Amino acid sequence: MPEVVQDKSMASAFILGSVGIYGVVKGLQWSSRNVMNYFIEDFDEKYLPILEKACIVGMIGIPLAYAIIDPEGAREIMTQHPVYTSGMIGVAFGSITAALQDLNRRRLEKKL
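Residues numbered from 1 in each chain as written. Predicted model: local features only at pLDDT ≥ 70, side-chain atom pairs only at ≥ 80, totals over all residues. Heavy atoms only, no water.

Draft legend 1. Focus on the overall build of the protein chain. In terms of helices and strands, the protein chain carries five helices and zero strands. Each helix and strand of the protein chain, ordered N terminal to C terminal, gives the series α-α-α-α-α. Compactness check: the protein chain gives a C-alpha radius of gyration of 17 Å against a globular reference of 13 Å for 112 residues, more than 25% above the reference. Viewed in the frame of its principal axes, the protein chain has a C-alpha envelope of about 45 × 30 × 25 Å. Taken across its 112 residues, the protein chain has 26% of its residues classed as buried. If you sum the accessible surface of the protein chain, you get close to 7900 Å²; carbon and sulfur atoms cover 71% of it. Of the charged side chains in the protein chain, 11 are positive and 12 negative, and the gap between their average positions amounts to 10 Å. (Helix = DSSP H or I, 4+ residues; strand = E, 2+ residues; numbered from the N terminus. Rg over C-alpha atoms; globule rule 2.2 N^0.38 Å. Buried < 20%, exposed > 50% of the residue type's maximum accessible area, 1.4 Å probe, protein only. Areas by Shrake-Rupley, 256 points an atom, 1.4 Å probe, with all protein chains shown as cover. Lys, Arg positive; Asp, Glu negative; His and termini not counted. Charge placed at Lys NZ, Arg CZ, Asp CG, Glu CD.)

Draft legend 2. Focus on the environment of Phe39. Here Phe39 shows up in helix α2 (residues 10-39). When its relative accessible area of 65% is taken as the criterion, Phe39 is described as exposed. A sequence separation of 52 residues divides Phe39 from Val91, and the C-alpha atoms of the two residues are 29 Å apart.

Draft legend 3. Quick look at α2. Relative to the 44 Å expected for 30 residues at 1.5 Å per residue, α2 spans 41 Å between its end C-alpha atoms, a close match to the ideal helical length. Along α2, the positions that sit buried rather than exposed are Ala13, Gly17, Ser18, Val25, Gln29 and Ser32. Where α2 is buried, its residues contact α3 (43-69) and α5 (82-111). (Expected span 1.5 Å × (residues − 1). Contact = heavy atoms within 4.5 Å.)

Draft legend 4. Structural detail: the packing of α2 against α3. It is the contact of α2 with α3, at a shortest axis distance of 10 Å, that shows an interaxial angle of 145°. As α2 packs across α3, the resulting crossing turns out to be right-handed. When α2 is examined against α3, the residues Gln29, Ser32, Arg33, Met36 and Asn37 are found in contact with a partner set consisting of Phe43, Asp44, Glu45, Leu48 and Glu52. Its residues assigned to classes, the contact of α2 with α3 comprises three nonpolar, three polar and four charged. (Axes fitted to C-alpha atoms, helices over the stretch in contact; angles between N-to-C directions. Left-handed = near helix turned anticlockwise from the far one by under 90°. Nonpolar A, V, L, I, M, F, W, Y, C, P; charged D, E, K, R; others polar.)

Draft legend 5. Structural detail: the environment of Lys46. With respect to the helices, strands and loops of the structure, Lys46 is situated in helix α3. Taking relative accessible area as the criterion, Lys46 reaches 48% and is therefore assigned partly exposed. A C-alpha to C-alpha distance of 15 Å links Lys46 and Asn104, two positions 58 residues apart in sequence.

Draft legend 6. Representation of the pattern of salt bridges in the model. On inspection of all chains with the given rule, the structure shows five salt bridges. With a closest N to O distance of 2.6 Å, Glu72 and Arg75 form a salt bridge. In this pair, Glu72 and Arg75 both sit in helix α4 (residues 71-80), three residues apart, roughly one turn of the helix. A residue is classified by how much of its surface remains accessible, and Glu72, at 53% relative accessible area, is exposed. Where Arg105 meets Asp102, a salt bridge forms, and the shortest distance between an N and an O atom there is 2.6 Å. (Salt bridge = Lys/Arg side-chain N within 4 Å of Asp/Glu carboxyl O.)

Draft legend 7. Up close: a nonpolar patch on the surface. Residues Trp30, Val35, Tyr38, Phe39, Ile40, Tyr47 and Leu51 make up a contiguous nonpolar surface patch of roughly 800 Å² in combined accessible area. If you list the elements that add at least two residues to the nonpolar patch, you get α2 and α3. Broken down by element, the nonpolar patch gets its largest block of residues, four residues, from α2. In this structure, Trp30 sits in helix α2. On the basis of relative accessibility, which here comes to 48%, the residue Trp30 falls in the partly exposed class. (Patch = residues over 30% accessible without salt bridge, like charges linked within 9 Å, V, L, I, M, F, W, Y side chains within 5 Å.)

Structural data, given as structure tokens:
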């Protein structure tokens with residue numbers, strides 16, 4: 001692992017991971033609304049919510065499945081690479097937050 005990554009604190013890795021992926025997801029949501037609809041009709045309304053739900057399930061389910069299948073391997077990653085683990089938890093937090101915000105916005109717009 002590069003030295004510059006090893007020197008970062010766990011809090012810094014979490015913040016950088018969550019803020020970075022939050023911005024990426026928001027950018028993808030923007031391009032879904034403003035660009036993808038030119039290529040695939042109603043992409044933002046029909047397909048993006050399905051993709052967001054699948055990503056939420058994957059971001060939660062894949063690490064849990066790995067921990068169930070190989071608990072020693074999961075424990076080893078978390079104890080030997082705490083900064084990496086903190087950053088990946090931040091990535092999960094930021095991406096799930098952005099996807100849930102978009103899904104909630106859509107739900108509220110349907111009610112109006």
